[in-house]
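# Reading the structure
What follows is the residue order along each chain.
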Protein chains: 2
Amino acid sequence: MKKIGFIGLGIMGKPMAMNLIKAGYSLIVYDIKREAVKEVVATGAKEGKSSKDVAAQSEVVITMLPNSPDVKEAVLGKNGVLEGAKAGLILVDMSSIAPMVSKEVATEVEKKGVEMLDAPVSGGEPKAKDATLSIMVGGKKEVFEQVEGILKVMGSSAVLVGDIGSGNITKLANQIIVALNIAAMSEAMVMATKAGVDPEKVFQAIRGGLAGSNVLNAKVPLVLEGNFKPGFRIELHIKDLANALDTAHSVGVPVPLTSGVMEIMQALKVDGKGGNDHGGIVQFYEKLAKAEVRHQK
Amino acid sequence: MKKIGFIGLGIMGKPMAMNLIKAGYSLIVYDIKREAVKEVVATGAKEGKSSKDVAAQSEVVITMLPNSPDVKEAVLGKNGVLEGAKAGLILVDMSSIAPMVSKEVATEVEKKGVEMLDAPVSGGEPKAKDATLSIMVGGKKEVFEQVEGILKVMGSSAVLVGDIGSGNITKLANQIIVALNIAAMSEAMVMATKAGVDPEKVFQAIRGGLAGSNVLNAKVPLVLEGNFKPGFRIELHIKDLANALDTAHSVGVPVPLTSGVMEIMQALKVDGKGGNDHGGIVQFYEKLAKAEVRHQK
């Protein structure tokens, strides 16, 4: 079994690392927050002194960090992965970051013989814990095949979608669809509710037809209860849409509706709701319309 | 078995009427186009001279017409349903029209003792033929129960969602979601394609997660083939969104993204694509981005 380094033990990284330990892998871990490191070390991991130290002792390094600058810093920065890496190391960046940055970092690390995959995930904290994440991978097939078994410890699927950066492009496509499907549900349900129809009956009448979706099935029941506990926070979805807008514009694709839902999420953040689940997009409409999509008693 | 009058034998009305004849109902039919009438008469229906004549000989009258003004004319106009109706007649308007007009017409016909339901359908021509439409019904429960059996001859489900007008409100909610889910798929898939990822792989990687939807499953395979044959035409979806915007604004609900997708469909109509399937919303993006979401060979 390969020796794995794991950098970034946040809400997602911690349960992912723990699932690798449970599966019998020997892990060396690092995070700028000592507390998270202690917790994972208590379940059997070894503590690394820095990203450099982690890389020096590993055959595969997994990074799970908030955004592009964090990945650049942890990999290319002082005491970073690249300083410690030997040729042949495989770097699997599972963070959701800008696809262009994945490509940049891959080009840099290749100079030292390090192979990189971008492998962002979808599913959020519950699926990180259950090891049922969907993992979208970009990179070389022969590199993917060497770590496929490791990825499948953390997720129920790991699909190679294309070259380096393709994992994050696919993730951004996913995030565009999820954000807009939630906004679609919101406009429809607030309109129907304020026009006097029981939103639960609307849901039951339309869910089996072309309007049916995983967003409708997952989010309408929570909205009906007024439950906006995350799940996946609006402020994280804002980060993803910022990367989506950058990517779309850089390749020359206008995305006016993605831009629209981005503004709606920005408005919610200004209104103090950035920490709510992204199902809380409906609250933008509810507040303006003074009507709530809730169970009728 | 109740004697049924059927007014409006277009793309949807004709197969719906024929399914009632097959089920053994005695039908008297009318349409301003003689050709459609002849075709249905050939399968066993009786020809009515006018909407008035149809109503005079029926216990239940079904109308299936293009939009609000057509329903007003056929029901309240000269030689219309109301002139021929006896007290106790049940009028089931299965057209997709403005909910306010459903309410207005119901108020008028009630004065003569006629009970009305609004019962728009979703599913399009294939499901009209297969008798698998989803029927969303607004009106009184006791009236609904009298015609439920008739509706279930034409559809696989008939759900009473609320008072008169609620059927059309639910249909508009459905149409908002479908239009925006198609636009979401379009922005995501055109971005991913032009950024260099095989759109089919993106589809396979994301369809099982939160981004998954009936729109994705139904429309992506057609888009990958460049198949925009209707199905459901963009110009008809424009009609529905016009009613959705009117309804949302009249009850005080801002729907900025619905408004955005309406403009995109208007642009496609101007571009001569109004007759394409609404999956053709993707063509708005493809043309601007000069990139097509197609199978890679």
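Residues numbered from 1 in each chain as written. Chains lettered and ligands numbered in written order. Predicted model: local features only at pLDDT ≥ 70, side-chain atom pairs only at ≥ 80, totals over all residues. Heavy atoms only, no water.

## Some remarks on the overall build of chain A
Along its length, chain A carries 14 helices and nine strands. On C-alpha atoms alone, chain A measures out to a radius of gyration of 21 Å, which is about the 19 Å that the 2.2 N^0.38 rule sets for 297 residues. Dimensions of chain A, computed from C-alpha atoms along their principal axes, come out at roughly 65 × 45 × 35 Å. Within chain A, residue pairs in contact and separated by at least 24 positions form 66% of the contacts whose partners lie at least 6 positions apart. Each charge class in chain A can be summarised by its mean position, and for the 35 positive and 33 negative side chains these summaries are 3 Å apart. (Helix = DSSP H or I, 4+ residues; strand = E, 2+ residues; numbered from the N terminus. Rg over C-alpha atoms; globule rule 2.2 N^0.38 Å. Contact = heavy atoms within 4.5 Å. Lys, Arg positive; Asp, Glu negative; His and termini not counted. Charge placed at Lys NZ, Arg CZ, Asp CG, Glu CD.)

## Things to note about the relation of the copies chain B and chain A
The two copies are related by a screw motion: chain B maps onto chain A through a turn of 180° and a shift of 0.0 Å along the axis, at an RMSD of 0.1 Å. Expressed as an axis order, the relation between the two copies is that of a two-fold axis. It is Ser 213 of chain B whose C-alpha, among those of chain B, lies nearest the rotation axis, at 1.9 Å. (Least-squares fit on C-alpha atoms with pLDDT ≥ 70 in both.)

## Comments concerning the domain arrangement of chain A
Residue and element names in this part refer to chain A. Here chain A is partitioned into domain 1 (4-163) and domain 2 (169-289). Put simply, the middle of domain 1 and the middle of domain 2, counted by C-alpha atoms, are 29 Å apart. With 13 residues of domain 1 at the interface, the matching set in domain 2 holds ten residues. Summed over the three residues of domain 1 that lose the most area to domain 2, namely Ser 96, Pro 99 and Met 136, the buried surface amounts to 41% of that side. Across the contact surface, domain 1 and domain 2 share zero salt bridges. (Domains from an automatic or database assignment. Buried area = accessible area lost by both parts, 1.4 Å probe. Salt bridge = Lys/Arg side-chain N within 4 Å of Asp/Glu carboxyl O.)

## Some points on the packing of aromatic side chains
Residues and elements named next belong to chain B. A full pass over the atoms with the stated rule returns two aromatic pairs over all chains. A ring pair is formed by Phe 284 and Tyr 285, whose centres lie 5.2 Å apart and whose planes are at 90°; its orientation type is edge-to-face. Of the two residues, Phe 284 and Tyr 285, both sit in the buried class. (Phe/Tyr/Trp six-rings, centres within 6.5 Å; stacked < 30°, edge-to-face > 60°. Buried < 20%, exposed > 50% of the residue type's maximum accessible area, 1.4 Å probe, protein only.)

## Considering the packing of helix H9 (residues 166-194) of chain B against helix H11 (residues 214-224) of chain B
Residues and elements named next belong to chain B. The N-to-C vectors of H9 and H11 enclose an angle of 50°; their axes lie 10 Å apart at closest approach. With respect to H11, the element H9 is oriented oblique. Here H9 and H11 pass one another in a crossing that is right-handed. Residue-level contacts link Val 178, Asn 181, Ile 182, Met 185 and Met 189 of H9 to Val 215, Leu 216, Lys 219, Val 220 and Val 223 of H11. Taken together, the residues of the contact of H9 with H11 sort by class into eight nonpolar, one polar and one charged. (Axes fitted to C-alpha atoms, helices over the stretch in contact; angles between N-to-C directions. Parallel < 35°, antiparallel > 145°, perpendicular 65-115°, else oblique. Left-handed = near helix turned anticlockwise from the far one by under 90°. Nonpolar A, V, L, I, M, F, W, Y, C, P; charged D, E, K, R; others polar.)

## Regarding the side chain of Lys 171 of chain B
Residue and element names in this part refer to chain B. For Lys 171, the location among the structural elements is in helix H9. Buried within the structure, Lys 171 lacks any salt-bridge partner; its nearest side chain of opposite charge belongs to Asp 240, at an N-O separation of 4.2 Å. Ignoring sequence-local partners within four residues, the contact set of Lys 171 consists of Ser 96, Pro 120, Val 121, Met 136 and Asp 240.

## A closer look at the interface of chain B and chain A
How large an interface is tends to be reported as the accessible area lost when its parts come together. In this assembly, 60 residues from chain B lie in contact with 60 residues from chain A. For the chain B and chain A pair, buried surface summed over both sides reaches about 4,900 Å², with 74% attributable to carbon and sulfur atoms. Contact with chain A buries area across many residues of chain B, yet Met 191, Leu 210 and Leu 257 of chain B alone supply 15% of it, more than any other trio. The tally of links between chain B and chain A comes to twelve residue pairs in polar contact (both at pLDDT 80 or more). The set of elements that each furnish at least two residues to the side of chain B that touches chain A consists of strand S9 (155-162), H9, helix H10 (199-206), H11, helix H12 (234-251), helix H13 (256-270) and helix H14 (282-289) of chain B. (Polar contact = N/O pair within 3.5 Å; in protein donor to acceptor, adjacent residues only side chain to side chain.)

## Observations concerning the environment of Thr 132 of chain B
Residue and element names in this part refer to chain B. Relative to the assigned elements, Thr 132 resides in the loop between helix H7 (124-130) and strand S8 (133-138). The exposure class of Thr 132 is partly exposed, given its relative accessible area of 29%. Sequence-wise, Thr 132 and Lys 152 are 20 residues apart; in three dimensions their C-alpha atoms are separated by 8.7 Å. The residues touching Thr 132, leaving out its near neighbours within four places in the chain, are Lys 127, Met 154, Gly 155 and Ser 156.

## Brief notes about empty space enclosed by the protein
Applying the stated rule across the entire model yields one cavity of 30 Å³ or more. Empty space within the largest cavity amounts to approximately 30 Å³. Looking at the largest cavity, the residues that line it are Ala 205, Ile 206 and Gly 209 of chain A together with Ser 122, Ser 134, Met 136 and Asn 174 of chain B. For the lining of the largest cavity, the secondary structure elements donating two or more residues are helix H10 (199-206) of chain A together with S8 of chain B. (1 Å grid on protein atoms, 1.4 Å probe; cavity = no way out; pocket = protein on both sides within 12 Å on 5 of 7 lines; lining within 4 Å. Points joined across faces, edges and corners; volume = space filled by probe spheres on them.)

## A closer look at unusual backbone geometry
The peptide bond linking Pro 230 of chain A to Gly 231 of chain A adopts the cis configuration, its omega dihedral lying at 20°. Relative to the helices and strands, Gly 231 of chain A is located in the loop between helix H11 (214-224) and helix H12 (234-251). Phi at Asn 79 of chain A is positive, roughly 60°, even though this residue is not glycine. Mapping Asn 79 of chain A onto the fold places it in the loop between helix H4 (68-76) and helix H5 (81-84). Here Asn 79 of chain A falls in the partly exposed class, since its relative accessible area comes to 36%. At Lys 290 of chain B, a residue that is not glycine, the phi angle is positive and equals roughly 50°. Relative to the helices and strands, Lys 290 of chain B is located in the segment after H14.

## Description of the confidence of the model for chain A
Summing up the model confidence of chain A, the mean pLDDT is 97 and the portion of residues at 70 or higher is 100%. Predicted complex metrics record ipTM = 0.95 and pTM = 0.95. (pLDDT = per-residue confidence, 0-100.)

## Digging into the environment of Ser 102 of chain A
By the element assignment, Ser 102 of chain A lies in helix H6 (residues 99-110). The sequence separation of Ser 102 of chain A and Ala 17 of chain A amounts to 85 residues, and the corresponding C-alpha distance is 21 Å.

## Considerations on the pairing of strand S4 (residues 60-63) of chain A
Residues and elements named next belong to chain A. Of the two faces of S4, the one holding Val 60 and Ile 62 and the one holding Val 61 and Thr 63 are both buried throughout. Sheet analysis places strand S1 (residues 4-7) next to S4, joined by four bridges and oriented parallel. Paired with Gly 5 across the two strands is Val 61, which belongs to S4. When S4 meets strand S5 (residues 90-93), the two strands line up parallel, connected through four bridges. Its bridge partner lying in S5, Thr 63 is registered against Asp 93. (Pairing = 2+ DSSP bridges.)

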